[in-house]
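# Chains, contacts and geometry: an overview
Single-letter residue listing:
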Amino acid sequence: MGAHGPAKGLSRWLFTTNHKDIGSMYLWFSFAMFLLGGSFAMIIRAELFQPGLQIVEPEFFNQMTTMHGLVMVFGAIMPAFVGLANWMIPLMIGAPDMALPRMNNWSFWILPPAFALLASTLFMEGGGPNFGWTFYAPLSTTYAPPSVTYFIFGVHIMGLSSIMGAINIIATIVNMRAPGMTYMKMPLFVWTWLITAFLLVAVMPVLAGAVTMMLMDIHFGTSFFSAAGGGDPVLFQHVFWFFGHPEVYIIILPGFGVVSQIIPTFSRKPLFGYDSMVYATASIAFLSFIVWAHHMYTVGMPIAGELFFMYATMLIAVPTAAKVFNWITTMFKGSLTFETPMLFSIAFVFLFTVGGFSGLMLAIAPADFQYHDTYFVVAHFHYTMVAGAIFSMSAAVYYWLPKWTGKMYNETMGKTHFWVSFVGFNLTFFPQHFVGLAGMPRRIPDYNLMFADFNMMSSIGAFIYGASQLLFLFNVVRTITHGEKIDDPKVWDGAHGLEWTVPTPAPYHTFTTPPEVKESEAHG
Ligand code: CU1
């Protein structure tokens with residue numbers, strides 16, 4: 001460093017303040033966590049391949065469902081989108097880097113120790129967290145293994161990382177836009193991330209509060225969540241879901257932004273309804289704060305509470321439907337082509353809508369008494385988390401990988417990855433609707449014989465989906481090492497010989513390049 005020139009080797013990555021380096025590290029880290037959380041899912045599906053104990057003990061099975069959720073939500077999906085934000089937001093708004101580059105380094109580098117700590121709990125006495133990713137008290141306070149304290153510390157660190165990342169994104173977007181880049185000219189990926197960052201700043205401290213209260217109950221004699229000491233176990237659920245529901249939008253909104261970038265490119269039309277997309281995203285974010293108790297219909301709330309949370313939840317369908325309408329209308333009469341990023345984006349729109357519909361079913365309070373804690377819930381949220389967040393993330397990697405590396409990925413392999421994962425995903429999760437409606441509870445290592453066929457399908461689907469991700473990894477690595485060089489690496493569409501043309505006169509909301517920004521760095 002310094003007088004000796006740029007840092008090399010490990011120190012380059014340890015001390016980097018470069019948004020692209022940090023973005024790459026986030027992406028690789030999140031992919032590693034995706035494989036780790038995925039291997040937990042493989043253990044779960046192997047155990048559930050047929051009824052009767054076969055692979056793991058019930059106690060370990062509980063640790064697997066817990067760790068799968070925690071690692072996927074906090075280790076895979078969230079850092080993946082922060083990685084995308086690091087790479088793309090400065091490029092899209094014409095900023096030289098993130099606003100707070102040293103904090104950016106710190107946001108990333110506290111994550112690997114947090115997850116190393118979390119993963120190491122599996123080897124501790126009594127095993128790792130076994131209370132589900134929602135860690136409801138008093139199960140997580142009174143009956144938890146000793147490793148719960150390390151789990152709490154891990155959650156604190158990853159929360160800190162998310163808050164610092166969010167502050168950085170807000171500071172960057174608010175302060176560092178190139179002249180001429182007004183808010184309503186920002187690419188939608190930037191908009192969705194700005195709104196996501198506000199959600200993060202608002203609710204990550206709530207999560208930190210929940211785990212801190214747990215810590216106090218476990219070690220310092222308080223009874224926040226213990227009825228015996230005057231506390232209330234239901235309080236935990238209120239606090240957790242006040243964080244947890246906005247959290248699901250933290251996970252999905254950047255995905256909305258990604259498909260809003262990709263669909264116009266491969267439809268060769270500007271995005272339909274840009275303004276309404278921004279307002280819909282903001283409405284969804286606002287509503288996400290007032291629907292949390294739809295996770296708690298069965299705790300015995302007053303009927304007025306049940307109805308409020310039911311209607312508020314259903315209201316979210318309105319802005320969400322507006323977004324789906326806009327994506328479809330963007331494609332309508334466009335000259336569509338179906339490269340890998342577009343395939344993942346179209347599948348996103350279709351499958352996320354399936355998850356939206358099952359969400360509406362779950363929102364109906366009296367019906368939810370039947371669905372609660374069944375596999376129907378598992379099917380529902382995997383349609384939003386996997387087909388929503390993971391599919392849009394895959395789309396984003398294929399879409400921007402040529403820009404990041406200057407090299408083209410293998411399209412045939414990309415399309416194969418798409419179709420295999422599309423079939424594998426649906427085979428895994430669609431049958432779970434049926435077993436859930438028939439009454440199969442979630443988070444159990446065994447089940448009634450009547451659920452056997454659908455579970456076997458589900459497990460086969462999961463193995464197919466898991467294997468398809470190795471093809472994804474291979475394609476990305478092969479692109480970096482052996483990919484075909486692109487003439488103009490900064491313009492993705494050039495890689496396909498496609499021209500992204502803005503119709504003249506350009507509507508004011510298409511990305512007009514401000515004079516200070518090089519043409520090659522605009523448009524994301
Ligand atoms: Cu929710």
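Residues numbered from 1 in each chain as written. Predicted model: local features only at pLDDT ≥ 70, side-chain atom pairs only at ≥ 80, totals over all residues. Heavy atoms only, no water.

In the nomenclature of an unreviewed UniProt entry, the chain corresponds to Cytochrome c oxidase subunit 1 from the organism Litorivivens lipolytica. Of the chain, the UniProt comment under Sequence similarities (unreviewed entry) reads exactly: "Belongs to the heme-copper respiratory oxidase family." Per its UniProt entry, the chain bears the Pathway (unreviewed entry) comment "Energy metabolism; oxidative phosphorylation." (UniProt positions renumbered as here; feature names shortened; annotations may be inferred.)

## Points about the packing of aromatic side chains
One pass over the structure, following the stated rule, counts 50 aromatic pairs. Seen from their ring centres, Tyr399 and Trp400 are 5.4 Å apart, and the 50° between their planes marks the pair as tilted. A centroid spacing of 5.2 Å and a plane angle of 45° characterise the contact between Phe434 and Phe454, whose relative ring orientation is tilted. On the criterion of sequence distance, the pair formed by Phe434 in helix α16 (residues 411–437) and Phe454 in helix α17 (residues 452–482) is long-range, its members being 20 residues apart. Exposure remark for Phe434: the relative accessible area of 41% places this residue in the partly exposed category. Against the face of Trp13 rests Arg12, its NZ or CZ located 4.2 Å from the ring centre. Taking the ring centre of Tyr183 as reference, the NZ or CZ of Arg177 above it sits at 3.9 Å. (Phe/Tyr/Trp six-rings, centres within 6.5 Å; stacked < 30°, edge-to-face > 60°. Helix = DSSP H or I, 4+ residues; strand = E, 2+ residues; numbered from the N terminus. Buried < 20%, exposed > 50% of the residue type's maximum accessible area, 1.4 Å probe, protein only. Lys NZ or Arg CZ within 6 Å of the ring centre and 35° of its normal.)

## A look at the confidence of the model for the chain
With 92% of its residues at a pLDDT of 70 or more, the chain shows a mean pLDDT of 92. In the predicted structure, residues 489–515 sits below a pLDDT of 50 and forms 52 contacts with residues beyond four places in sequence or in another chain. (pLDDT = per-residue confidence, 0-100. Contact = heavy atoms within 4.5 Å.)

## Some thoughts on the packing of helix α15 (residues 375–405) against α16
Between α15 and α16, the shortest axis-to-axis distance is 8 Å and the interhelical angle comes to 170°. Classed by the angle they form, the pair α15 and α16 counts as roughly antiparallel. Considering only the axes of α15 and α16, their crossing is left-handed. Across the contact of α15 with α16, the residue classes tally to 16 nonpolar, 10 polar and no charged. (Axes fitted to C-alpha atoms, helices over the stretch in contact; angles between N-to-C directions. Parallel < 35°, antiparallel > 145°, perpendicular 65-115°, else oblique. Left-handed = near helix turned anticlockwise from the far one by under 90°. Nonpolar A, V, L, I, M, F, W, Y, C, P; charged D, E, K, R; others polar.)

## Remarks on the nonpolar core
By size, the foremost hydrophobic cluster in this structure holds 156 residues, and its most contacted members are Phe74, Leu84, Phe151, Trp193, Trp327, Phe391 and Trp400. For this core, the element with the highest residue contribution is helix α3 (residues 58–93), accounting for 22 residues. Among all residues touching Trp193, those that are not within four sequence positions of it are Phe81, Val82, Ala85, Ile89, Ile169, Leu200 and Pro254. (Core = buried A, V, L, I, M, F, W, Y, C linked by side-chain atoms within 4.5 Å.)

## Details of empty space enclosed by the protein
Scanning the entire structure with this criterion turns up three cavities of 30 Å³ or more. In this structure, the largest cavity encloses a volume near 70 Å³. Taken together, Tyr26, Phe74, Met78, Pro79, Val82, Leu111, Met158, Ser161 and Ser162 make up the lining of the largest cavity. Elements with a contribution of two residues or more to the lining of the largest cavity: α3 and α7 (148–175). (1 Å grid on protein atoms, 1.4 Å probe; cavity = no way out; pocket = protein on both sides within 12 Å on 5 of 7 lines; lining within 4 Å. Points joined across faces, edges and corners; volume = space filled by probe spheres on them.)

## Remarks on the packing of α3 against α7
Remark: α3 packs on α7, axes separated minimally by 11 Å, with the N-to-C direction vectors making an angle of 15°. If you check the angle between α3 and α7, you find them roughly parallel. Crossing of α3 over α7 shows left-handed handedness. Here Leu70, Phe74, Met78, Ala85, Ile89 and Ile93 of α3 lie close against α7, whose contacting residues are Phe151, Met158, Ser162, Ile169, Thr172 and Ile173. Taken together, the residues of the contact of α3 with α7 break down into 10 nonpolar, two polar and no charged.

## Section: the environment of Thr353
Here Thr353 is to be found in helix α13 (residues 340–363). Each C-alpha atom, one on Thr353 and one on Ile93, is 30 Å from the other, the two residues being 260 residues apart in sequence. Leaving out residues up to four positions away in the same chain, Thr353 has contacts with Val324 and Phe348.

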